[in-house]
Amino acid sequence: MDDPDMTEPRQKLLAATERLIYAGGITATGMDRIVKESGVARKTIYTYYRNKDELVADALAKRDVRWMNWFIARSGKADTPAGKLLATFDALEEWFFTPDFRGCAFINAAGEIGDERDPIRAVAKRHKIKLRDYLHKLAVAYGAEDADQLAAEFLILIDGAITVALVMGRKEAAREAQQLARKLLKT
């Protein structure tokens, strides 16, 4: 974790929580398992968080920062604005082929939490807004006639590719989405 003020027990707690909920889901991950995997005493956990939802929301917020930094760095390697937009799918393809790929942690979390006001859903929504904002920035640099629309379309392509890769096991979904993106860019 990149927060120098964060204590070691809290770092371990957040890392274990993120890993467990990403692998098995929020509901299936009990506090006993988090205590065991993190090595952090239950009493210590409750000095940082009032409940499991707060803990999960914070773990997802940390994942958001790390994932967005990776995604921006990976797609930002391209030389042209169009190349950067298309490189978002190269980043996805790279991610899809990692051994621990379980889809989008934020889509997964939102799917488990029914209440739109829940802090976990709020983190998921903020992540998607950040992703859309990044895509908007790329669309503006590209010179899109309607950068808002292009960013929205790319977000749908990205989330669709992630979902198809997870649900259908089609790792090539990133390439297929990239081909659709080329049509949007007319390249």
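Residues numbered from 1 in each chain as written. Predicted model: local features only at pLDDT ≥ 70, side-chain atom pairs only at ≥ 80, totals over all residues. Heavy atoms only, no water.

Visitor: What's the story with the overall build of the chain in this structure? I'm lost.
Guide: For the chain, the helix and strand inventory stands at nine helices and zero strands. For the chain, the sequential pattern of α-helices and β-strands runs α-α-α-α-α-α-α-α-α. The burial tally for the chain puts 41% of its 187 residues in the buried class. When contacts within the chain are restricted to residue pairs at least 6 apart in sequence, long-range pairs at least 24 apart make up 66% of them. Both charge centroids of the chain, one from 30 positive and one from 28 negative side chains, sit 3 Å from each other. (Helix = DSSP H or I, 4+ residues; strand = E, 2+ residues; numbered from the N terminus. Buried < 20%, exposed > 50% of the residue type's maximum accessible area, 1.4 Å probe, protein only. Contact = heavy atoms within 4.5 Å. Lys, Arg positive; Asp, Glu negative; His and termini not counted. Charge placed at Lys NZ, Arg CZ, Asp CG, Glu CD.)

Visitor: So what exactly am I meant to see when it comes to a nonpolar patch on the surface here?
Guide: A cluster of nonpolar side chains, namely V164, L166, V167 and M168, defines an oily patch on the protein surface of about 360 Å² accessible area. Among the secondary structure elements, V164 is positioned in helix α8 (residues 147-167). Given the relative accessible area of 31%, V164 is considered partly exposed. (Patch = residues over 30% accessible without salt bridge, like charges linked within 9 Å, V, L, I, M, F, W, Y side chains within 5 Å. Areas by Shrake-Rupley, 256 points an atom, 1.4 Å probe, with all protein chains shown as cover. Salt bridge = Lys/Arg side-chain N within 4 Å of Asp/Glu carboxyl O.)

Visitor: Mind showing me how you'd approach the side chain of T17 here?
Guide: Position of T17 relative to the elements: it lies in helix α1 (residues 8-24). Given a relative accessible area of 0%, T17 falls into the buried group. Excluding residues that lie within four positions of it along the chain, T17 makes contacts with I34, L55, V56 and A59.

Visitor: Sorry, what's going on with the nonpolar core here?
Guide: The nonpolar side chains of a soluble globular protein tend to be buried with one another. Ranked by size, the top nonpolar core spans 46 residues in total, and within it L60, L92 and F96 carry the most contacts. For this core, the secondary structure elements donating two or more residues are α1, α4 (52-75), α5 (81-96), α6 (105-112), α7 (119-142), α8 and α9 (173-185). Counting residues per element, this core draws most heavily on α8, at ten residues. Excluding residues that lie within four positions of it along the chain, L60 makes contacts with I21, A105, F106, A109, I120 and V123. Formed by eleven residues, the second largest nonpolar core is a distinct cluster that contains L20, I45, L55 and A59. (Core = buried A, V, L, I, M, F, W, Y, C linked by side-chain atoms within 4.5 Å.)

Visitor: Can you walk me through the pattern of salt bridges in this structure?
Guide: Oppositely charged side chains may form a pair once their charged atoms are brought near each other. Going through the model one piece at a time under the given rule, you end up with 18 salt bridges. The salt bridge partner of K62 is D58, with a shortest N-O separation of 3.6 Å. Of the two residues, K62 and D58 both sit in helix α4, four residues apart, roughly one turn of that helix. In this structure K62 comes out as partly exposed when scored by relative accessible area, which is 22%.

Visitor: Honestly, the packing of aromatic side chains in this entry has me stumped. Any pointers?
Guide: Working definition: an aromatic ring pair is given by the centre-to-centre distance plus the angle between the planes. For the structure shown, the criterion picks out ten aromatic pairs. Aromatic pair W95 and F96: ring centres 6.0 Å apart, planes at 40 degrees, arrangement tilted. In this structure, W95 and F96 share a single accessibility class: buried. Members of the aromatic cluster, each reached through a chain of ring pairs, are W67, W70, F71, W95, F96, F101 and Y134. (Phe/Tyr/Trp six-rings, centres within 6.5 Å; stacked < 30°, edge-to-face > 60°.)

Visitor: I keep staring at α1 and nothing clicks. Help me out?
Guide: Residues that lie three or four places apart on an α-helix share one face, since the helix turns once every 3.6 residues. Here α1 is 17 residues long and its end C-alpha atoms lie 24 Å apart, about the 24 Å a rise of 1.5 Å per residue gives. Of all the positions in α1, only L13, L14, A16, T17, E18, L20, I21 and Y22 are classed as buried. Here the buried face of α1 lies against α2 (31-38), α3 (42-48), α4, α5 and α6. Downstream of α1 by one or two residues, G25 has phi in the positive range, about 100 degrees. (Expected span 1.5 Å × (residues − 1).)

Visitor: Sorry if this is basic, but what is going on with empty space enclosed by the protein here?
Guide: If a probe as big as a water molecule is rolled over the atoms, it shows which places are left empty. Under the defined criterion, the tally for this structure stands at one cavity of 30 Å³ or more. Lining the largest cavity we find I21, Y22, G25, I26, L60, A105, N108, A109 and E112. Contributing elements (two or more residues each) for the lining of the largest cavity: α1 and α6. Among the elements that line the lining of the largest cavity, the one with the most residues is α6, at four residues. A class-by-class count of the residues in the lining of the largest cavity yields six nonpolar, two polar and one charged. (1 Å grid on protein atoms, 1.4 Å probe; cavity = no way out; pocket = protein on both sides within 12 Å on 5 of 7 lines; lining within 4 Å. Points joined across faces, edges and corners; volume = space filled by probe spheres on them. Nonpolar A, V, L, I, M, F, W, Y, C, P; charged D, E, K, R; others polar.)

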